[in-house]
Amino acid sequence: MIGILLYIFYFFVKTMAGNSERTFIMIKPDGVQRGLVGKIIKKFEQKGFRLVAMKFLWPSEELLQKHYADLSSKPFFPGLVKYMSSGPVVPMVWEGLGVVKTGRVLLGATNPADSAPGTIRGDLCIQVGRNICHGSDSVESANKEINLWFNEKELVQWTPAAKTWVYED
């Protein structure tokens with residue numbers, strides 16, 4: 001009996017944890033200025049991911065320095081922070097099975113020249129410095145970025161009616 005209960009618990013935890021992985025995606029100033037917000041959101045929605053948080057804001061240099069702290073020793077860091085604070089951005093949290101890895105695939109390679117057709121960067125941009133989106137590269141970085149940009153009350157817990165059409169039981 002205990003074995004069955006442990007199996008059910010394991011299955012429940014595995015299923016729920018897999019379906020509730022979160023990633024941080026941010027549409028950069030170039031994506032906002034070019035009117036691409038809707039197209040980018042549509043890609044994630046069509047894939048079956050669930051939007052759980054979104055803002056529209058003009059970020060401070062201080063927030064961006066924290067966000068890109070891992071790049072602070074790179075020669076392009078000052079220019080990156082200056083560019084990212086040059087206009088409004090749309091930070092978002094998406095949830096779903098394998099959303100970190102799949103989100104990066106949807107975005108395409110960091111360098112748009114290396115991005116496959118059909119990806120956001122492959123279809124919508126040309127240069128690395130104007131690659132329209134940021135996406136978390138791991139679950140750990142996603143959690144860090146989500147906590148930097150959003151508080152717990154801003155993360156909406158909901159179940160879309162289409163969930164059973166996206167996920168198996």
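Below, the structure is looked at part by part. Every value quoted in this text rests on a predicted model; they were computed, and no experiment measured them.

### Some points on the overall build of the protein chain
Along the protein chain, the regular secondary structure elements total nine helices and four strands. Ordering the α and β elements of the protein chain from the N terminus gives α-β-α-α-β-α-α-β-α-α-β-α-α. In the protein chain, which comprises 169 residues, the share counted as buried stands at 41%. Within the protein chain, counting contacts between residues at least 6 apart in sequence, those at least 24 apart form 78% of the total. Just so you have it, the protein chain exposes about 10,000 Å², and 60% of that area is on carbon and sulfur atoms.

### What about the pattern of salt bridges?
The final tally for this structure, using the stated rule, is four salt bridges. A salt bridge links Glu 154 to Lys 55; the nearest nitrogen and oxygen atoms lie 3.3 Å apart. Of this pair, Glu 154 sits in the loop between helix H8 (139-149) and helix H9 (163-166) while Lys 55 sits in the loop between strand S2 (50-54) and helix H4 (61-67); the two residues are 99 residues apart in sequence, bridging distant segments of the chain. Given a relative accessible area of 30%, Glu 154 falls into the partly exposed group.

### Re the packing of helix H3 (residues 37-47) against helix H6 (residues 99-107)
Following both chains from N to C, one finds H3 and H6 inclined at 135°, their axes separated by 11 Å at the closest point. As the angle between them shows, H3 and H6 are arranged oblique. Read as a crossing pair, H3 and H6 show a hand that is right-handed. Residue-level contacts link Lys 43, Phe 44 and Lys 47 of H3 to Thr 102, Gly 103, Leu 106 and Leu 107 of H6. Among the residues making up the contact of H3 with H6, the classes are represented as three nonpolar, two polar and two charged.

### Here's the deal with H8
Every buried residue of H8 is listed here: Ser 141, Ala 142, Glu 145, Ile 146 and Trp 149. Relative to the axis of H8, the buried residues are bounded by an arc of 135° and lie together on one face. Exposed residues lying more than 90 degrees from the buried face of H8 are Glu 140 and Asn 147.

### Details of the packing of aromatic side chains
Here the structure, examined in full by the defined rule, presents three aromatic pairs. Measuring from centroid to centroid gives 5.3 Å for Phe 44 and Trp 94, while their planes differ by 25°, and the two rings are stacked. On the criterion of sequence distance, the pair formed by Phe 44 in helix H3 and Trp 94 in strand S3 (residues 90-95) is long-range, its members being 50 residues apart. Linked through ring pairs, Phe 44, Phe 49 and Trp 94 together constitute an aromatic cluster. Sitting above the plane of the Phe 150 ring, Lys 55 keeps its charged end 4.9 Å from the centroid. In this structure, Arg 130 packs its charged tip against the face of Tyr 83, placed 3.8 Å from the ring centre.

Thresholds applied
- Residues numbered from 1 in each chain as written.
- Predicted model: local features only at pLDDT ≥ 70, side-chain atom pairs only at ≥ 80, totals over all residues.
- Heavy atoms only, no water.
- Helix = DSSP H or I, 4+ residues; strand = E, 2+ residues; numbered from the N terminus.
- Buried < 20%, exposed > 50% of the residue type's maximum accessible area, 1.4 Å probe, protein only.
- Contact = heavy atoms within 4.5 Å.
- Areas by Shrake-Rupley, 256 points an atom, 1.4 Å probe, with all protein chains shown as cover.
- Salt bridge = Lys/Arg side-chain N within 4 Å of Asp/Glu carboxyl O.
- Axes fitted to C-alpha atoms, helices over the stretch in contact; angles between N-to-C directions.
- Parallel < 35°, antiparallel > 145°, perpendicular 65-115°, else oblique.
- Left-handed = near helix turned anticlockwise from the far one by under 90°.
- Nonpolar A, V, L, I, M, F, W, Y, C, P; charged D, E, K, R; others polar.
- Arc of directions from axis to C-beta.
- Phe/Tyr/Trp six-rings, centres within 6.5 Å; stacked < 30°, edge-to-face > 60°.
- Lys NZ or Arg CZ within 6 Å of the ring centre and 35° of its normal.

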